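# Report on the structure
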Amino acid sequence: MVTDDARALALRCETRANSLARRLSREFFGTVPGYDLLPSDLKDLEIAATVRHGVRTFLRGVIAPPSAADAYRVFAERAGQRAEEGVPLDLLLRAYALGVHGLWQVLRREARPGEEAALAELVDLLLRTQSEVVGVVTRSYLDAAAALAQEDRPGRDRLVRRILDGTCGPEEARAGGLSLDGPLLLVAFAARAPHDEDRGRHGPQGAVVRRRRLRAVRSALNRSFGTDVPAVLEPGPDGRGPAGRALVAGRPEAPEDLAGSLSRGYGEPVHVAVVAAPDASGIAEAARTAGEIVRIARARGLVPDGPGHRLDDVLLEFHLSRPGPSGDRIAALLDPVARRPELLATLRAHLELRMDRRATAARLGVHPNTVDKRLARLTELTGLDLTLPHDTALALAAQLLREARADRPGREPDGG
């Protein structure tokens, strides 16, 4: 039984739950190596919410003990999510231990003279509770990690990729658990990587960021269609992502807010294109067309909207970017800057941002004068003057043709 004095002390501390969560995130967790490189929404929303829940669960449990299932359910769910995202278990457990330390400090400061026995009683209960939480978190994390290890995600991705490339027929797909019964929708999507992905993107925390972003895209796609959508995620045109292709069987059209749903899930604008195929024989061509539409829409700087971009939205650019004798000659216009990645990146951003030099500079992280100098150098080397509509159209077509040529051999997926 908990004494009345201990309950009174817990009740006073319970009002400090929000401020404690903020302080733990700012002062305590920041000392854990790698914590500052985690995605901001994970730190500021989910972890802070879990801290608030933990503080309130303990303090309210002193006043009116909950059932064991209710007390630890959120900890178990969060631990499973962190395992899916690749957050290291040691970082997770250190965060929980620091949370206990922070709560002890609050109890110590709040205790009044004469409440030493009540403080000792709460600390004893806190340490016993910590052992329970660590057990629940560790068990849930390891269970989720084991389940993930048993999933044949790479095998499923290979099957989906072969279906989209037209090298896997309906019978083989059905044996792999995927239906190709029509009508079929082929979905392509792509987005720029957010700025927070630049920090630590080559280390373990960078991998956490990428997994979390890919998981968000997959979840939004599944929610939009109300089913587990077979999809593969790959690097975008700038080598970052996500870009992806997906197959939805038995749906004649896409949800009206598909682009908005993916954009909200990812946290950045996501370009989407949906092309229908009447049966399995049209999958490969429809998938290629959807991918081309997305690539062109990005290059043109179109705003993602509705169920996605249509071929009619990019009809001229689609035609100009087709391979062939004239296409090869247009693509060759950028050969003089093929070994100047900063010029090609500036051209891509400038076209995508509708020739806005300040927006281009902000995208690239340079001064607007640097953008002007790079574009002048590009004109000097290629003869393409981006102040002229004709040359701008040629530059756009050349960029699209070169990217299409680079994509043709195929690339390894970025994961997910």
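Quick notes on the rules
Residues numbered from 1 in each chain as written. Predicted model: local features only at pLDDT ≥ 70, side-chain atom pairs only at ≥ 80, totals over all residues. Heavy atoms only, no water. Helix = DSSP H or I, 4+ residues; strand = E, 2+ residues; numbered from the N terminus. Buried < 20%, exposed > 50% of the residue type's maximum accessible area, 1.4 Å probe, protein only. Contact = heavy atoms within 4.5 Å. Areas by Shrake-Rupley, 256 points an atom, 1.4 Å probe, with all protein chains shown as cover. pLDDT = per-residue confidence, 0-100. Pairing = 2+ DSSP bridges. Axes fitted to C-alpha atoms, helices over the stretch in contact; angles between N-to-C directions. Core = buried A, V, L, I, M, F, W, Y, C linked by side-chain atoms within 4.5 Å. Polar contact = N/O pair within 3.5 Å; in protein donor to acceptor, adjacent residues only side chain to side chain. Phe/Tyr/Trp six-rings, centres within 6.5 Å; stacked < 30°, edge-to-face > 60°.

### So, the overall build of the protein chain
Across its full length, the protein chain holds 17 helices and four strands. Counting only residues that meet the buried cut, the protein chain has 46% of its 416 residues in that class. Across the protein chain, contacts joining residues at least 24 apart in sequence account for 73% of those joining residues at least 6 apart. Working note: accessible area of the protein chain is about 20200 Å², and carbon and sulfur atoms make up 54% of it.

### Considering the confidence of the model for the protein chain
Of the residues in the protein chain, 81% reach a pLDDT of 70 or more, and the chain-wide mean stands at 80. Taking the mean pLDDT of every element in the protein chain, the minimum, 69, falls on helix H2 (residues 17–28) and the maximum, 94, on helix H16 (residues 368–382). Predicted confidence is poor over residues 196–205, with pLDDT under 50, and the contacts of this stretch with residues over four places away or in other chains come to 21 contacts. Predicted confidence for residues 409–416 stays below pLDDT 50, and this span has 19 contacts to residues more than four positions away or in other chains.

### A short note on the pairing of strand E4 (residues 271–277)
Remark: a regular strand shows side chains that alternate across the two faces of the sheet. Taking burial as the measure, the seven residues of E4 include five buried ones, the bulk of the element. Taken together, the seven bridges between strand E1 (residues 184–190) and E4 define a ladder with antiparallel strand orientation. Within E4, the residue paired with Val 187 across the bridge is Val 274.

### Considerations on the sheet that holds E4
Read across the sheet, four strands follow the order E2-E3-E1-E4 without closing on themselves; strand pairing throughout is antiparallel. Because the sheet does not close on itself, it has two edges, and the strands there are strand E2 (231–234) and E4. Each strand of the sheet is rotated relative to its neighbour by a mean of 15 degrees, with strand direction disregarded. The sheet contacts of helix H10 (residues 258–266) involve E1 and E4, and relative to E4 the element is tilted by about 140 degrees. Sheet contacts for helix H11 (residues 283–300): E1, strand E3 (243–249) and E4; angle to E4, the most-contacted strand, approximately 155 degrees.

### A closer look at the nonpolar core
Ile 163, Leu 164, Leu 186, Leu 247, Ile 283, Leu 334 and Leu 347 are the most contacted members of the largest nonpolar core, which has 50 residues in total. The element contributing the most residues to this core is H11, with nine residues. Contacts of Ile 283, omitting those with residues within four sequence positions, involve Ile 163, Leu 164, Leu 180, Leu 184, Leu 186, Leu 247 and Ala 277. Core analysis: the second largest hydrophobic core is formed by 21 residues, Val 217, Val 229, Tyr 266 and Val 270 among them.

### Some remarks on the side chain of Ser 224
Structurally, Ser 224 is set in helix H9 (residues 204–225). Classification of Ser 224 by relative accessible area gives buried; the value is 16%. A distance of 2.9 Å separates the side chain of Ser 224 from the backbone oxygen of Ala 220, its partner in a polar contact. In this structure, Ser 224 is in contact with Pro 255, Leu 258 and Ser 261, ignoring residues within four places of it in sequence.

### Here's the deal with the packing of aromatic side chains
Centre-to-centre distance and the angle between the planes together describe a pair of aromatic rings. Evaluated as defined, the whole model comprises one aromatic pair. On the basis of an interplanar angle of 75 degrees and a centroid distance of 5.7 Å, the ring pair of Phe 75 and Tyr 96 is categorised as edge-to-face. With a gap of 21 residues between them, Phe 75 in helix H4 (residues 68–85) and Tyr 96 in helix H5 (residues 89–110) connect regions that are remote in the sequence. Of the two residues, Phe 75 and Tyr 96, both sit in the buried class.

### A closer look at unusual backbone geometry
Backbone geometry follows two general trends: most residues other than glycine have a negative phi, and most peptide bonds adopt the trans configuration. The phi dihedral of Arg 354 falls on the positive side, at around 60 degrees, and the residue is not glycine. By the secondary structure assignment, Arg 354 is in the loop between helix H14 (341–352) and helix H15 (357–364). Even without a glycine there, the phi angle at Met 355 is positive, about 65 degrees. Take Met 355: it is sitting in the loop between H14 and H15. Met 355 sits in the partly exposed class, given a relative accessible area of 31%.

### Points about H15
What sets the pattern is the α-helix's 3.6 residues per turn: residues three or four places apart point alike. Where H15 begins, the capping side chain belongs to Asp 356, and its oxygen is found 3.1 Å from the backbone nitrogen of Arg 358. In the segment just after H15, Gly 365 is the residue with positive phi, at about 75 degrees.

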